[in-house]
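For reference, the chains in residue letters:
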Amino acid sequence: GGRDRAYAWGNEKPDCSMAVMDDGRNGCGRSAAWSVCSRPDGRTADGLCDRSGNVAEWLQDVFHKTYEGAPSNGRPWEGPGTHGRVVRGGSWYAGPDGVRTTFRDDYPPGHRSTRVGIRLARDAR
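Now for a quick tour of the structure.

Rules and cut-offs
Residues numbered from 1 in each chain as written. Predicted model: local features only at pLDDT ≥ 70, side-chain atom pairs only at ≥ 80, totals over all residues. Heavy atoms only, no water. Disulfide = S-S within 2.5 Å. Helix = DSSP H or I, 4+ residues; strand = E, 2+ residues; numbered from the N terminus. Buried < 20%, exposed > 50% of the residue type's maximum accessible area, 1.4 Å probe, protein only. Polar contact = N/O pair within 3.5 Å; in protein donor to acceptor, adjacent residues only side chain to side chain. Contact = heavy atoms within 4.5 Å. Salt bridge = Lys/Arg side-chain N within 4 Å of Asp/Glu carboxyl O. Core = buried A, V, L, I, M, F, W, Y, C linked by side-chain atoms within 4.5 Å. Pairing = 2+ DSSP bridges.

Details of the state of the cysteines
Next up, step 1: The tally for this structure, following the rule as stated, stands at two disulfides.
Next up, step 2: Disulfide pairing places C16 opposite C28 at an S-S distance of 2.1 Å. Across the disulfide from C16 to C28, rotation about the S-S bond amounts to roughly -100°, and the bridge is consequently left-handed. One end of the pair, C16, is in the segment before α1 (26–29); the other, C28, is in helix α1, and 12 residues separate them in sequence. C28 carries the same exposure label as C16, and that label is buried.
Next up, step 3: Each disulfide pairs two cysteine sulfurs, and for C37 the partner residue is C49, the sulfurs being separated by 1.8 Å. With C37 in the loop between α1 and β1 (56–62) and C49 in the loop between α1 and β1, the pair connects residues that are 12 residues apart, well separated along the chain.
Next up, step 4: C37 sits in the partly exposed class, given a relative accessible area of 27%.
Next up, step 5: Cysteines bonded in the chain are numbered consecutively along the chain; their disulfide partners then correspond to 1-2, 3-4.

This is the structure:
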C-alpha cells in the first residue's frame, strides 16, 4: 500500500499471533503451513492476510542484487539477472527478519518446496 512498514501489519515485532513463522519452533510448532488467514492479528490495514509468513510468495521478477535499473511502473522485472525468481514475505520456516516486507530471496525455476507458493488474485471489479 505504499506505506513504510517493517511488516505487513506495521512495525510491531512478529510473533505467532501475527505470522506463521519460526519463533524457535518452525511454523509456530507445526513445521508446515497453516490454513489461510489463520493469523488475523497479522492482517494488513486493507484486511489482506498472510502477507508475512506462512508461505513465501513466488514472484515473476528475476532476482537482481540491487534495484538499479528496476521498472518504476510496478511491472515485473524480467531480463538478465541471476538464475532465480524472487520470493517475498517469508514462510513458516523464516524467522522474524525473514518475514519483513523488505526481505527477499530467490529460488531457481523448477524448485519445489512446501515453503513457497503463489498468491491467487482476482480483479476488484
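Here we look at the side chain of D50
Next up, step 1: Looking at the element boundaries, D50 is found in the loop between α1 and β1.
Next up, step 2: Accessibility expressed as a relative area gives 16% for D50, which makes it buried.
Next up, step 3: Among the polar contacts made by the side chain of D50, one reaches the main-chain amide nitrogen of C37 at a distance of 2.9 Å.
Next up, step 4: Not counting residues up to four positions away in its chain, the partners in contact with D50 are S35, V36, C37 and R119.

Quick look at the pattern of salt bridges
Next up, step 1: A full pass over the atoms with the stated rule returns three salt bridges.
Next up, step 2: As a salt-bridge pair, R85 and E78 come within 3.6 Å of each other at their nearest N and O atoms.
Next up, step 3: Residue class for E78 comes out partly exposed when judged on its relative accessible area of 41%.

Regarding the nonpolar core
Next up, step 1: Judged by nonpolar contacts, A6, Y7, A8, W9, M18, A19, M21, A94 and V99 together constitute the single largest core of nine residues.
Next up, step 2: With sequence-adjacent residues up to four places away left out, W9 is seen in contact with P14, M18, A19, D41, G42, R43 and S52.

Re the sheet that holds strand β2 (residues 85–88)
Next up, step 1: Pairing within the open sheet is mixed, and its four strands lie in the order β3-β2-β1-β4. Bordering the open sheet on either side are β3 (104–107) and β4 (116–117), each of which pairs with just one other strand.
Next up, step 2: Strand direction decides the pairing type here: β1 and β4, joined by two bridges, are parallel. Along β4, the bridge assignment pairs A56 with V116.

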